[in-house]
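So you can see what is in the structure, the chains are spelled out below.
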Amino acid sequence: MDVVWMLLLLLLFPLLMWTSSTFVFYFKKFFYVAWMMFLAIVGIPICLLKSGGRDVENMRIIRSMVRHVKYLFGLRIEVSGWEHLQTEGPYVIISNHQSSLDVLGMMEILPDRCTTIAKKELVYAGTVGLICWLAGIVFINRKKTSDAKSVMADAAKTMLDEQIRLWVFPEGTRNQNGDLLPFKKGAFHLAVQAQVPIIPVVFSSYSSFYLRKEKQFKSGVIRLRILPKIETKGLTSDEVSCLSDQSHSLMRTAFLEISGLVAKSNGPLKH
Ligand SMILES: CCCCC/C=C\C/C=C\CCCCCCCC(=O)SCCNC(=O)CCNC(=O)[C@H](O)C(C)(C)COP(=O)(O)OP(=O)(O)OC[C@H]1O[C@@H](n2cnc3c(N)ncnc32)[C@H](O)[C@@H]1OP(=O)(O)O
Ligand SMILES: CCCCCCCC/C=C\CCCCCCCC(=O)OC[C@@H](O)COP(=O)(O)O
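Report on the accompanying structure.

Calculation criteria
Residues numbered from 1 in each chain as written. Chains lettered and ligands numbered in written order. Predicted model: local features only at pLDDT ≥ 70, side-chain atom pairs only at ≥ 80, totals over all residues. Heavy atoms only, no water. Axes fitted to C-alpha atoms, helices over the stretch in contact; angles between N-to-C directions. Helix = DSSP H or I, 4+ residues; strand = E, 2+ residues; numbered from the N terminus. Left-handed = near helix turned anticlockwise from the far one by under 90°. Contact = heavy atoms within 4.5 Å. Buried < 20%, exposed > 50% of the residue type's maximum accessible area, 1.4 Å probe, protein only. Pairing = 2+ DSSP bridges. Right-handed = clockwise from strand over helix to strand, strands pointing away. Salt bridge = Lys/Arg side-chain N within 4 Å of Asp/Glu carboxyl O. Patch = residues over 30% accessible without salt bridge, like charges linked within 9 Å, V, L, I, M, F, W, Y side chains within 5 Å. Areas by Shrake-Rupley, 256 points an atom, 1.4 Å probe, with all protein chains shown as cover. Near = heavy atom within 4 Å. Polar contact = N/O pair within 3.5 Å; in protein donor to acceptor, adjacent residues only side chain to side chain. Nonpolar A, V, L, I, M, F, W, Y, C, P; charged D, E, K, R; others polar.

Moving on, we get to the packing of helix 2 (residues 21–51) against helix 6 (residues 126–134). Taken N-terminus to C-terminus, the directions of helix 2 and helix 6 make an angle of 35°; their axes are 8 Å apart at the nearest point. Helix-helix and strand crossings are classified by hand; for helix 2 and helix 6 the assignment is left-handed. Between helix 2 and helix 6, the contacting residues are Met 36, Met 37, Ala 40, Ile 41, Gly 43, Ile 44, Cys 47 and Leu 48 on the first element and Gly 126, Thr 127, Val 128, Leu 130, Ile 131 and Leu 134 on the second.

See below:
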């Protein structure tokens, strides 16, 4: 009887993969999480052996272990503006945030000694949470601004003392609305406090291959554009809003361009 069920399942699986895009969506999502969890199981002892504990250098291990994942999902990543990452010393990278798939683009261009700011809930994500902690990810409580501010002020000092780069998602949450959300201020305060440049990175819209609400997950292309750095030397906290607006405007223009979208005046965005 067990064999009959096994055979049925073996026949059903390709049939569902062939006929149901919803099944494909859930299967790929499940496989993505499961594969990352598995990679983390392999990666954790390697990180521990190499660095003995929490160390930003562990990001190199994650970067090299994650780079193949795009092929498993039929994703191609096209990067432009590499020259803008040829910047010495610490800086803050800011990028838009559409999905946990952003990790794939991130690992494609992640510079050495660069870690990220993430919501504190991620630390509880099993083996992925543990490897994130080992890689020096800075966890913040988004619901407690005062806590988040003090963690980020400490991070500004650590960036300078330990020559670390930090990647921040200034939208503050995942967003697939076909545009950028207004930016939160933390990334800009961080850069101004540390007096380091900001390097904006823009991911093109995933809407041609990945739609969370419509349950679609196909093969596709992610365009990643690295923009010229924005200096913050001499700026004070009074200029943070202006810096945020300037960055948003530059990134929105790039986002629309690389996503093949046009902005209608005050209207929705169209392909
Ligand atoms: C080998 C196997 C591997 C397997 C695993 C694979 C990969 C894993 C490894 C790596 C991948 C990691 C990927 C992680 C992705 C995680 C992404 C996220 O979690 S995104 C969510 C978390 N991030 C953020 O939220 C950052 C952006 N948010 C902010 O910066 C916010 O500003 C905030 C600091 C959280 C505060 O939030 P709030 O809603 O209160 O925001 P406001 O901006 O409106 O600020 C209110 C007020 O405070 C002032 N402010 C803000 N920040 C500061 C500061 N740092 N210092 C001083 N003042 C600050 C701000 O100006 C406002 O005041 P005012 O209105 O007067 O201007
Ligand atoms: C105990 C088991 C728990 C299992 C949980 C599995 C969690 C994820 C596992 C694998 C995914 C690999 C990529 C991990 C990093 C991406 C994290 C991410 O993108 O988090 C979302 C966060 O930015 C914003 O979240 P909100 O939409 O604001 O909220």
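Right, picking up where we left off after that structure.
Looking now at the pairing of strand 3 (residues 114–119). Of all six residues making up strand 3, five are buried, and the element is well covered by its neighbours. Sheet analysis places strand 3 next to strand 5 (residues 165–168), joined by three bridges and oriented parallel. Bridge pairing in strand 5 links Thr 116 to Trp 167. As paired elements, strand 3 and strand 4 (residues 138–140) share three bridges and run parallel to each other. Paired with Lys 119 across the two strands is Ile 140, which belongs to strand 4. A crossover connection joins strand 3 to the parallel strand 4 through helix 6; in handedness this β-α-β unit is right-handed.

Ordered by their spatial adjacency, seven strands build an open sheet running 1-9-6-2-5-3-4, and the pairing between neighbours is mixed. One side of each edge strand has no neighbouring strand; the edge strands of this open sheet are strand 1 (75–80) and strand 4. Sheet twist, expressed as the average angle between the axes of neighbouring strands with direction ignored, equals 20°. Across the sheet, helix 7 (residues 145–162) touches strand 2 (92–95), strand 3, strand 4 and strand 5, and the angle it forms with strand 4 is around 165°. Against the sheet, helix 8 (residues 186–194) contacts strand 2, strand 5 and strand 6 (198–203), and its axis sits at roughly 165° relative to strand 2.

Now for the pattern of salt bridges. Tallying each qualifying case throughout the model produces 11 salt bridges. Here Asp 112 and Arg 63 are joined by a salt bridge, their closest N and O atoms 3.0 Å apart. Of this pair, Asp 112 sits in the loop between helix 5 (102–109) and strand 3 while Arg 63 sits in helix 3 (residues 58–66); the two residues are 49 residues apart in sequence, bridging distant segments of the chain. With relative accessibility at 31%, the residue Asp 112 sits in the partly exposed group. Exposure remark for Arg 63: the relative accessible area of 15% places this residue in the buried category.

The subject of this paragraph is a nonpolar patch on the surface. A contiguous nonpolar surface patch, about 330 Å² in accessible area, is contributed by Phe 38, Ile 41, Val 42 and Ile 46. Along the polypeptide, Val 42 turns up in helix 2. A relative accessible area of 34% means that Val 42 is categorised as partly exposed.

Attention now goes to the site of ligand 1. With respect to spatial proximity, 33 residues lie near ligand 1, and among them Lys 119, Thr 145, Lys 184, Lys 185 and His 189 are the closest. Interatomic distance of 2.9 Å between a backbone N/O atom of Lys 119 and an oxygen atom of ligand 1. A distance of 2.7 Å separates an oxygen atom of ligand 1 from a polar backbone atom of Lys 185. For ligand 1, the protein covers 80% of the area, taking 1400 Å² as the surface of the free molecule. Broken down by secondary-structure element, the contributors of at least two residues to the shell around ligand 1 are helix 2, helix 3, helix 5, strand 3, helix 6, helix 7 and helix 8. The residue inventory of the shell around ligand 1, partitioned by class, reads 21 nonpolar, seven polar and five charged.

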